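Working through the structure, step by step
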Amino acid sequence: MAGVKVTPLGTTIADCLRTLPMPAGLAVADSALRDHGLTREDLARFVQAQPRARGSRQALQTIGWADGRSENGGESVARGIMIELGFCVPELQVLVGDPAHPGCEFRVDYVWETSVGRLIFGELDGAAKYADRGGTGEKVSGKALLAERRRESRLTLCNASIMRFSFEEAKNRPFFRALLERYGVPRRTTSTDIPRDFAV
């Protein structure tokens, strides 16, 4: 690239997974699956090309949690923090029918089902979704805010709790742990909830 030497994609991914904290590494792994059409087996092979390299065990564990359905890096990092805090892994980017308009659907960032069958919807809020696309800077769009309020009012018809949080709140681990607990997000309780080192 313009005379600049770069490492091959597989080597770069493996190095990132070995050296980054798990939540950030998860964002790399999710992106590799989502944006490059790779599989978890591909990622594991990249890491296993240097099996004795420091951090390889962490890299394989991270691959075990990877999911290409994650929409962006922020969602991946937040999910990684949830995992490190011991909570169950949510379903990602779930389509939920609009009870008021059959045939219409909303996409929800995270979904958990509790032991009593109650749903919890998790939504990572970012300024971008409310930005005025026609303007400049961080101007908030009233139209976007109104659409989001309507969307949320429809989601409440699903008899689900709706937990909204920002990326900064997710990075504040004591706060985020308390928030997840207050909403009743289930914790992982058995070894089957924890992936083994990913290997092919």
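Going by the structure above, here's the rest.
So, here's what we can say about the structure. Since we're looking at a predicted model, the values are computed, not measured.

Here the focus is the side chain of D109. Summarising the element assignment, D109 is placed in strand 2 (residues 105-113). A distance of 2.9 Å separates a polar atom in the side chain of D109 from the backbone nitrogen of L124. In this structure D109 touches E75, E91, L92, Q93, G122, E123 and L124, once residues within four positions along its chain are discounted.

When you tally the buried positions in strand 3 (residues 119-125), you get 5 out of 7 residues, the bulk of the element. Here strand 2 runs beside strand 3; their pairing, made up of 4 bridges, is antiparallel. Note on strand 3: the bridge partner recorded for E113 is L119. Counting the residues that bridge the hairpin from strand 2 to strand 3 gives 5 residues, and of these G117 lies at a positive phi of roughly 85°. In this sheet, strand 4 (residues 160-166) lies alongside strand 3 in parallel orientation, the contact comprising 7 bridges. Within the sheet, the bridge partner assigned to L124 lies in strand 4 and is F165.

The set of residues buried in helix 8 (residues 173-182) consists of F176, A178, L179 and L180. On its buried face, helix 8 is in contact with helix 5 (73-84), strand 2, strand 4 and helix 7 (167-171). At the exit of helix 8 stands G184, carrying a positive phi of roughly 80°.

Turning to the packing of helix 1 (residues 9-19) against helix 4 (residues 56-65), a few remarks are in order. The relative placement of two packed helices comes down to the angle between their axes together with the axis-to-axis distance. Two elements in contact, helix 1 and helix 4, have axes separated by 7 Å at closest approach and are oriented at 100°. In terms of their interaxial angle, helix 1 and helix 4 are classed as roughly perpendicular. Across the interface between the two elements, L17, R18 and T19 from helix 1 touch S56, Q58, A59, T62 and I63 from helix 4. For the contact of helix 1 with helix 4, the residue count by class is 3 nonpolar, 4 polar and 1 charged.

This paragraph deals with the packing of helix 1 against helix 3 (residues 40-48). Contact pair helix 1 / helix 3: the axes reach a minimum separation of 8 Å and the direction vectors enclose 80°. For the element pair helix 1 / helix 3, the angle class is roughly perpendicular. Of helix 3, the residues touching helix 1 (which contributes G10, I13, A14, L17 and R18) are L43, F46 and V47. A class-by-class count of the residues in the contact of helix 1 with helix 3 yields 6 nonpolar, 1 polar and 1 charged.

Basis of the calculations
- Residues numbered from 1 in each chain as written.
- Predicted model: local features only at pLDDT ≥ 70, side-chain atom pairs only at ≥ 80, totals over all residues.
- Heavy atoms only, no water.
- Helix = DSSP H or I, 4+ residues; strand = E, 2+ residues; numbered from the N terminus.
- Polar contact = N/O pair within 3.5 Å; in protein donor to acceptor, adjacent residues only side chain to side chain.
- Contact = heavy atoms within 4.5 Å.
- Buried < 20%, exposed > 50% of the residue type's maximum accessible area, 1.4 Å probe, protein only.
- Pairing = 2+ DSSP bridges.
- Axes fitted to C-alpha atoms, helices over the stretch in contact; angles between N-to-C directions.
- Parallel < 35°, antiparallel > 145°, perpendicular 65-115°, else oblique.
- Nonpolar A, V, L, I, M, F, W, Y, C, P; charged D, E, K, R; others polar.

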